Amino acid sequence: MTRLDRYFLPTEREAPADAEALSHKLGVRAGLIRQVGAGLWSWLPAGWRVHENVAQIVREECNRIGCQEMLMPLITPAELWKRSGRYDIEEVFKLKDRRGADLILALSHEETVTLHVAQTVRSYRQLPMLLYHFQTKGRDEARPRAGVLRTREFIMKDAYSFDRDDEGLQASYEKFISAYDAICDRVGLEWYRVESDVGMMGGSGAHEYMAPCPAGENDVALAPGYAANTEVASADPQPVAPIDLDGDLHTPGATTIKAVVDALGVQAGNVLKAYPVVTESRGLVMAFVRGDHRVNDVKLANALGEAFRPARDEELQGPGGFLGPTASVPTLWDDAIVPGQAYVTGANRPDYHHVVTVDGGERGDVRSVEAGDTVNGHPIRIEPAIEIGNIFKLGTRYSEPLGATYLDENGKEQLIHMGSYGIGPARMTAAAIEQYADEKGISWPRSIAPWDVEIVAIGKPGTPERDAAEALYTELSEAGLDVLLDDRDAGPGEKFADAELLGVPLRLTVGKRSLDSGRAEAQARRGRADHDGGVPLQGAAEAVRELWASLP
């Protein structure tokens, strides 16, 4: 039972000046969150109720597949991360205790959970094992933004599977797909499960759960039967007509693709764009993509098999804007560059390009897909989305350096195969705001709303209409509904505006007209649709419960 008169719900008429994402604006305005510092946010009581409603759905679905809940510490000995090779990740917060020992604030808990399993599991009979926890994470985010979407501290549910082999890992992976699909459905989001890059987690495969919305920082490539993060998405490029040019081409001042296209009368896809990079093992490498395409840094690192940095001017073997392939520098051609087809490329001297025909050489998919490319003949579209969860097939990425093994039926020691599965209640909360808000405020899915019903009491304390609102509040609460009563000394306009801003799924209004009709006015927040006839003031529980259950 909750009354607004004494509730900590500091609503605001205006959004923060620096807020861009809708969830940032409305989260602050509705009194759900408040900023402490860059990337550091407090969840106020109403916001925390939503966060924990999401967390409870996550908990129930993890429990359903046999995952066991535990709790591991945020502060972790740095030695574990040094053993796994993740200590030097820039986003890891590093600190020392008073004795000078190196510690970190964990941004995930692969190392810690693997340590526990390595100390405990001895036999194949103890596998598979599924473990999870909710814990605060620390991330030294370079550019915190968008309220609770990109922060330096957040709560995440991370789960881990431990299996005998890849076949067992795949079975566990499918269990978590089932759980995560159900979580997203129960929370009430529009979502995609997409192929993704393993990134800093490592391993052999990964998927992300994405909630489409304009504030999303990730782009998703979509086609019938296909969904992938653009970091790893592959598609057939749109073809370009061949060119009828040959030899050296005088192109004074044409240092951009557009300038070359205008000078020669060709399409951007007929020109090759140089992307010079340097790796530790290879040195200078020249990657080439079509002029109408963009290099994808994630794909390029995967194709090279190692990290890279952009080459500096003094490392280049030609002038910027006129770079082309040379025999002395290793070359990587994007797969979209057609063998045997002629392309315009830099001639490695000022004001000249020349025509090359690409045959052989190292090739790889290093470009970002573009809208209109095709998958199985179907054009793709690209839309922004919020990453709300991710799942990884880690294999032996952590069990090998941390010594997590078991004895098989023959008494032979084998490495445990692991999976990692993360999901963020804060991001799911923000995604729900983004997807369902309107010009008046938030419109929560029923499953995660801070309250089921809000009663707006019109009238001063001691009046018959206030007494009727109090009686309705008591009846609905005793019937098991989670009810918020706006009993503040405020005008109807302010109360209605705050109710629409907060977004409780069902609003009941009790005033003088209710006493005359014997019924409370009822409005569904989603679409602000009035319920004809309202609900009875007395004996209302069943009618209210049925109406509430019909809402999205």
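Coordinates for the structure precede this section.
What counts, and at which threshold
- Residues numbered from 1 in each chain as written.
- Predicted model: local features only at pLDDT ≥ 70, side-chain atom pairs only at ≥ 80, totals over all residues.
- Heavy atoms only, no water.
- Helix = DSSP H or I, 4+ residues; strand = E, 2+ residues; numbered from the N terminus.
- Buried < 20%, exposed > 50% of the residue type's maximum accessible area, 1.4 Å probe, protein only.
- Areas by Shrake-Rupley, 256 points an atom, 1.4 Å probe, with all protein chains shown as cover.
- Lys, Arg positive; Asp, Glu negative; His and termini not counted.
- Charge placed at Lys NZ, Arg CZ, Asp CG, Glu CD.
- Salt bridge = Lys/Arg side-chain N within 4 Å of Asp/Glu carboxyl O.
- Contact = heavy atoms within 4.5 Å.
- Pairing = 2+ DSSP bridges.
- Axes fitted to C-alpha atoms, helices over the stretch in contact; angles between N-to-C directions.
- Phe/Tyr/Trp six-rings, centres within 6.5 Å; stacked < 30°, edge-to-face > 60°.
- Lys NZ or Arg CZ within 6 Å of the ring centre and 35° of its normal.

Scanning the protein from N- to C-terminus turns up 13 helices and 32 strands. Expressed along its principal axes, the backbone C-alpha trace of the protein runs to roughly 95 × 65 × 50 Å. Expressed as a percentage of its 552 residues, the buried residues of the protein come to 52%. Carbon together with sulfur atoms contributes 49% to the accessible area of the protein, which is approximately 24,100 Å² in total. The average position of the 59 basic charges and that of the 84 acidic charges among the side chains of the protein differ by 4 Å.

Quick look at the side chain of aspartate 452 now. Here aspartate 452 is to be found in the loop between α9 (425–436) and β28 (453–457). No salt bridge forms around the buried aspartate 452; measuring N to O, its nearest opposite-charge neighbour arginine 545 is 6.8 Å away. The contacts of aspartate 452, once residues within four sequence positions are left out, are Leu481, Asp482, Val504, Pro505, Leu506 and Trp548.

What the three strands build is an open sheet, ordered β5-β7-β6; its pairing is antiparallel. Bordering the open sheet on either side are β5 (75–77) and β6 (93–96), each of which pairs with just one other strand. If you compare each strand with its neighbour and ignore which way they point, the axes differ by 40 degrees on average. Pairing geometry for β5 and strand β7 (residues 102–105), over three bridges, is antiparallel. Along β7, the bridge assignment pairs proline 77 with leucine 103.

Turning our attention to unusual backbone geometry. Cis geometry marks the peptide bond from leucine 127 to proline 128; its omega dihedral reads 0 degrees. Inspection of the secondary structure assignment puts proline 128 in the loop between α4 (110–120) and β8 (129–138). Residue alanine 146 is not a glycine yet carries a positive backbone phi of 60 degrees. Secondary-structure assignment places alanine 146 in the loop between β8 and β9 (153–163). Residue class for alanine 146 comes out buried when judged on its relative accessible area of 8%.

Turning our attention to the packing of aromatic side chains. In total, this model carries eight aromatic pairs according to the counting rule given. Taking the centre distance of 6.2 Å and the plane angle of 75 degrees together, the rings of tyrosine 132 and phenylalanine 134 count as edge-to-face. Neither tyrosine 132 nor phenylalanine 134 differs from the other in exposure class; each is buried. On the numbers, 5.1 Å between centres and 25 degrees between planes, the contact of phenylalanine 288 with tryptophan 333 is stacked. You can see phenylalanine 288 sitting in strand β16 (residues 283–290) and its partner tryptophan 333 sitting in strand β18 (residues 331–334), a full 45 residues away along the chain. We classify phenylalanine 288 as buried; its relative accessible area is 0%. The exposure class assigned to tryptophan 333 is buried, which follows from its relative accessible area of 8%. The aromatic ring of tyrosine 398 is capped on one face by arginine 397, whose charged end is 4.4 Å from the ring centroid. When the ring centre of tyrosine 436 is taken as origin, the NZ or CZ atom of arginine 526, which lies over that ring, is 4.2 Å away.

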